[in-house]
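# Residue-level structure breakdown
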Amino acid sequence: MASLDSAATRTELREPRAAGALGTVAVGLILPVGLALGWEVLATLGVVSTRLLPPPSQILKTLGDLASRGVLLDHVLVTLWRVWWGFLLGAAAGTALGAATGVWPLARRLLDPTIQALRSIPSIAWVPLFILWFGIFETPKVLLIAVGVFFPVYLTLAGAIASVDRKLVEVGRIYRFGTWDLVRRILLPAALPTYITGLRGGLGLGWMFVVAAEFMGASKGLGYLLVDGQMTGRPATILAAILLFAVLGKLTDMALATLGARLVRWQDGFRPEGAGPCCR
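These figures come from a predicted structure and were not determined experimentally.

This paragraph deals with the overall build of the protein chain. The helix and strand tally for the protein chain stands at 10 helices and 0 strands. Seen in sequence order, the protein chain has helices and strands lined up from the N terminus as α-α-α-α-α-α-α-α-α-α. Put simply, the protein chain has 280 residues, and 34% of those count as buried. Nonlocal contacts in the protein chain, meaning residues at least 24 apart in sequence, comprise 71% of its contacts between residues at least 6 apart.

Within the structure shown, the criterion is met by 7 aromatic pairs. Judged by centre distance (6.5 Å) and plane angle (35°), the ring pair of Phe130 and Trp133 falls under tilted. Taken as a pair, Phe130 and Trp133 lie in helix H5 (residues 123-134) at a separation of 3 residues, close to a single helical turn. Ring pairs connect the aromatic residues Trp126, Phe130, Trp133 and Phe134, which therefore count as one cluster.

Okay, the pattern of salt bridges next. This model, assessed by the stated rule, comprises 5 salt bridges. As a salt-bridge pair, Arg82 and Glu138 come within 2.8 Å of each other at their nearest N and O atoms. Of this pair, Arg82 sits in helix H3 (residues 72-103) while Glu138 sits in helix H6 (residues 138-162), and the two are 56 residues apart along the sequence. Judged by its relative accessible area of 3%, Arg82 is buried.

Time to look at the nonpolar core. Formed by 53 residues in total, the largest nonpolar core has its most connected members in Phe87, Leu144, Ile161, Leu187, Leu199, Trp207 and Leu222. Those elements that place two or more of their residues in this core are helix H2 (56-68), H3, H5, H6, helix H8 (179-214), helix H9 (222-231) and helix H10 (235-263). The element best represented in this core is H8, accounting for 15 residues. Sequence-distant contacts of Leu199, that is, excluding residues within four places in its chain, are made with Phe87, Ala91, Val153 and Leu256.

Tracing the backbone through its elements, the reader meets Leu203 in helix H8. Distance from Leu203 to Ile145, taken between C-alpha atoms, is 9.3 Å for residues 58 residues apart in sequence.

Now for H5. In a regular helix each residue adds 1.5 Å, so 12 residues correspond to 16 Å; H5 covers 16 Å between its end C-alpha atoms and thus fits that length. Taken together, the buried residues of H5 touch helix H4 (105-119) and H6. Positive backbone phi, approximately 85°, marks Gly135, located one or two places after H5.

Following the sequence through the fold, Glu214 ends up in helix H8. Under the relative-accessibility criterion, Glu214 is labelled buried at 2%. The residues touching Glu214, leaving out its near neighbours within four places in the chain, are Thr79, Arg82, Lys220, Gly221, Leu222, Gly223, Tyr224 and Phe245.

Relative to the helices and strands, Leu77 resides in helix H3. In the structure, Leu77 is positioned 145 residues away from Leu222 in sequence and 9.3 Å away in space, judged by C-alpha atoms.

With that out of the way, let us pick up a nonpolar patch on the surface. A cluster of nonpolar side chains, namely Val25, Leu29, Val33 and Leu37, defines an oily patch on the protein surface of about 340 Å² accessible area. You can see Leu37 is positioned in helix H1 (residues 2-44).

Moving on, we come to the packing of H4 against H6. H6 packs onto H4 with a crossing angle of 140° between their chain directions and a minimal axis gap of 11 Å. Here H6 runs oblique to H4, going by the angle between their axes. Here the hand of the crossing between H4 and H6 comes out left-handed. Along its contact with H4, which presents Asp112, Ile115, Gln116, Leu118 and Arg119, the element H6 presents Phe150, Phe151, Tyr154 and Leu155. Of the residues belonging to the contact of H4 with H6, the class tally is 6 nonpolar, 1 polar and 2 charged.

Direction vectors running N to C along H3 and H8 enclose 145°, while the axes themselves pass 8 Å from each other. For the crossing formed where H3 meets H8, the hand is right-handed. Residues Thr79, Leu80, Arg82, Val83, Phe87, Ala91, Thr95 and Val103 of H3 form the contact with H8, whose own contacting residues are Thr179, Val183, Leu187, Tyr195, Leu199, Leu203, Gly206, Trp207, Val210 and Glu214. Within the contact of H3 with H8, the residues separate by chemical class into 12 nonpolar, 4 polar and 2 charged.

Here is what the cut-offs are and how they apply
- Residues numbered from 1 in each chain as written.
- Predicted model: local features only at pLDDT ≥ 70, side-chain atom pairs only at ≥ 80, totals over all residues.
- Heavy atoms only, no water.
- Helix = DSSP H or I, 4+ residues; strand = E, 2+ residues; numbered from the N terminus.
- Buried < 20%, exposed > 50% of the residue type's maximum accessible area, 1.4 Å probe, protein only.
- Contact = heavy atoms within 4.5 Å.
- Phe/Tyr/Trp six-rings, centres within 6.5 Å; stacked < 30°, edge-to-face > 60°.
- Salt bridge = Lys/Arg side-chain N within 4 Å of Asp/Glu carboxyl O.
- Core = buried A, V, L, I, M, F, W, Y, C linked by side-chain atoms within 4.5 Å.
- Expected span 1.5 Å × (residues − 1).
- Patch = residues over 30% accessible without salt bridge, like charges linked within 9 Å, V, L, I, M, F, W, Y side chains within 5 Å.
- Areas by Shrake-Rupley, 256 points an atom, 1.4 Å probe, with all protein chains shown as cover.
- Axes fitted to C-alpha atoms, helices over the stretch in contact; angles between N-to-C directions.
- Parallel < 35°, antiparallel > 145°, perpendicular 65-115°, else oblique.
- Left-handed = near helix turned anticlockwise from the far one by under 90°.
- Nonpolar A, V, L, I, M, F, W, Y, C, P; charged D, E, K, R; others polar.

Don't take any of this as a statement about function, it's just geometry.
Structural data, given as structure tokens:
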């Protein structure tokens, strides 16, 4: 009987959460849908030029044509593949070096000045060097995305570890934690919420850097669609690619935010009533 009651309670808890998530998504769609409808009306009335600024209906028609020819999915999957591997490489390197410089003062004095200097280099400046080193195939594209992901992850993790409450560290030392136990049981859990924010920032920059990466001789990908639309004078293709970047970027960020919210459920922080993880 108790198990039935607990199951019913879990079901009741899941239903409001699901309804709240759907409500949050619906509210978030009000602004873009409203702007798209207004844009469509202005284009229909001839207020804006449809030759240079195609209406949403024409953009959707372009996406439908690409999908019917079987090329849209190829472009999307190729870009997702590049962002995925670039994000993994950049996040792994940023995590390792951010943790090292946050925990060990010697590593911070040795590595941080050089990393901060490299952070000031514009992303486009890496393109000719990566092409010279790795050619024009997939390796330079993935590495350029990894460069974009690396810096926000590194900065947020190193800063988060450095700002951990000293009292928590002192408690660990009282219990005679070694360096590894101190990192694993105190520093990393305390830095986790900020670290997840850094991962989301790195993912966002990864989506920005993939455009520059796909300018490097790509024959597939959403960045290729942008260049193709420019070279052939098709603004609807350019806007369709931009729309896909926005949608895919938002969906991947929502997935990462949801995973992050599960990892920091223990955090007793301020949450506005009805706000889901993807809204923070």
